[in-house]
Amino acid sequence: MKSYELYESRTGYLWRMEVYSGKGHIHVAQVGVQEPVEEHEEGDEPESATSKIVLTLMRPLFNRGHTLVMDNFYNAPLLSRILKVKHKTDSMGALRLIREFVPEGLREKAKKNMKAGEVAFSTTKDLSVEVWMDKNVVAMISTFHQVKIGGIEKYGYYRYKPQVVLDYNLSMDGLNHKDQMLQAYPMEKVRKIIWYKKLFRRLVNVSIHNSFVLFNHNRTQVIGNREFRLQLVKELLQVCGPRAIPRPIEPVAPAAPSQMHLPVKNERSQRCKMCHAAKVRRTTVWRCSTCAVNLCIEGCYIEYHK
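Looking at an unreviewed UniProt entry, the protein carries the name PiggyBac transposable element-derived protein domain-containing protein, with the source organism given as Bombyx mori.

Draft legend 1. Here's a closer look at the overall build of the protein. Summing up its helical and strand segments, the protein has eight helices and eleven strands in all. Within the span of the protein, comprising 306 residues, buried residues form 33% of the whole. The long-range share in the protein, meaning contacts at least 24 apart out of those at least 6 apart in sequence, stands at 45%.

Draft legend 2. Structural view of the packing of aromatic side chains. One pass over the full model with this rule turns up six aromatic pairs. Judged by centre distance (5.2 Å) and plane angle (75°), the ring pair of tyrosine 158 and tyrosine 160 falls under edge-to-face. By relative accessible area, tyrosine 160 is classed as exposed at 58%. With centroids separated by 5.9 Å and ring planes inclined at 85°, the aromatic side chains of tryptophan 195 and tyrosine 196 adopt a geometry described as edge-to-face. Through a chain of ring-to-ring contacts, three or more aromatic side chains come together here, namely Phe212, Phe215 and Phe228.

Draft legend 3. Representation of helix α5 (residues 195-216). Here α5 contains 22 residues, and its C-alpha end-to-end distance of 32 Å stays within 8% of the 32 Å for a straight helix at 1.5 Å per residue. Inspection of α5 places Leu199, Arg202, Asn205, Val206, Ile208, His209, Asn210, Phe212, Val213 and Asn216 among the buried residues, and these make up the whole buried set. In the core, the buried residues of α5 are packed alongside β1 (3-7), β2 (14-19), α4 (163-183) and α6 (225-240). One or two positions beyond α5, positive phi appears at asparagine 218, with a value near 60°.

Draft legend 4. Here's a closer look at the sheet that holds strand β4 (residues 90-94). The strand order β3-β4-β7-β6-β5 describes an open sheet built from five strands, whose pairing is mixed. Each having just a single partner strand, β3 (67-70) and β5 (119-123) make up the two edges of the open sheet. Each adjacent strand pair in this sheet contributes to an overall mean axis angle of 10°, direction not counted. Note: β5 against strand β6 (residues 128-133), five bridges, orientation antiparallel. Among the inter-strand pairings, alanine 120 is bridged to a residue of β6, identified as valine 131.

Draft legend 5. Structural context of the side chain of serine 142. By the secondary structure assignment, serine 142 is in strand β7 (residues 137-142). Using a relative accessible area of 2% as the deciding quantity, one classes serine 142 as buried. Here the side chain of serine 142 touches phenylalanine 144 through a polar contact of 3.2 Å, landing on its backbone nitrogen. Once you skip the residues sitting within four places of it in the chain, serine 142 turns out to touch Ser91, Met92, Asp126, Leu127, Ser128 and Val164.

What counts, and where the lines are drawn
Residues numbered from 1 in each chain as written. Predicted model: local features only at pLDDT ≥ 70, side-chain atom pairs only at ≥ 80, totals over all residues. Heavy atoms only, no water. Helix = DSSP H or I, 4+ residues; strand = E, 2+ residues; numbered from the N terminus. Buried < 20%, exposed > 50% of the residue type's maximum accessible area, 1.4 Å probe, protein only. Contact = heavy atoms within 4.5 Å. Phe/Tyr/Trp six-rings, centres within 6.5 Å; stacked < 30°, edge-to-face > 60°. Expected span 1.5 Å × (residues − 1). Pairing = 2+ DSSP bridges. Axes fitted to C-alpha atoms, helices over the stretch in contact; angles between N-to-C directions. Polar contact = N/O pair within 3.5 Å; in protein donor to acceptor, adjacent residues only side chain to side chain.

Printed below as a string of structure tokens:
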């Protein structure tokens, strides 16, 4: 199963999602989300499937000053320009060099013609594309970054990287942290033939994570994910768990010795009443003190008192 999801970058809060329904997937507005009414002519938005996904998920957030961070599955120069110019929404992220409208000079960049640490770029008034040679070629696109080199210290070494790469890694930390917390409780990874049960488990797991984020928002004492889930389970069991009906315990008076069917020994062996009824010739030295009946201690004694 595949779903397209829009998260808040710092906490990993799931704001919106759309489940992929196969080839020819139709993007429909979600129930309960007010879509702004926008007049747009046919052909003024990209026709690619990935661009439609981005526009559908982001439409309620357009013109509000948000910055969209995407990986190379979604990013494209045409999409970034439309988000910036038409919807007043900046975007940044990784880029595939095979995308349409990527400059030819950058499209040809590869390991064989770039040195480690080298940066190649192409900029316009509202868009910049940078290609940086790390262990492999890393291509980035942004609508608000200047071509600038930053740095980060790691393991005692100071490494220089393009500023757009540093900001992209920082923005993805919340999403990666969210994935780690959900993988610790893999409710949806249980093998199920029925697909909607798996989807339901996914929604429950993400809803718990969203509740965890909201619970810790603006709190002075933040609790961990494990502690939050344990507390949630305890409170749900108190509300929805089975409740035993209390029954009054009445004291039972001890039985008198005369009412207790205790076996006692005879002075001599006598015929067992049960065996006699079954036409079996057998004698016993035991009898019931209450019933005054001779019975074999094994089998007949318990069978007679049933």
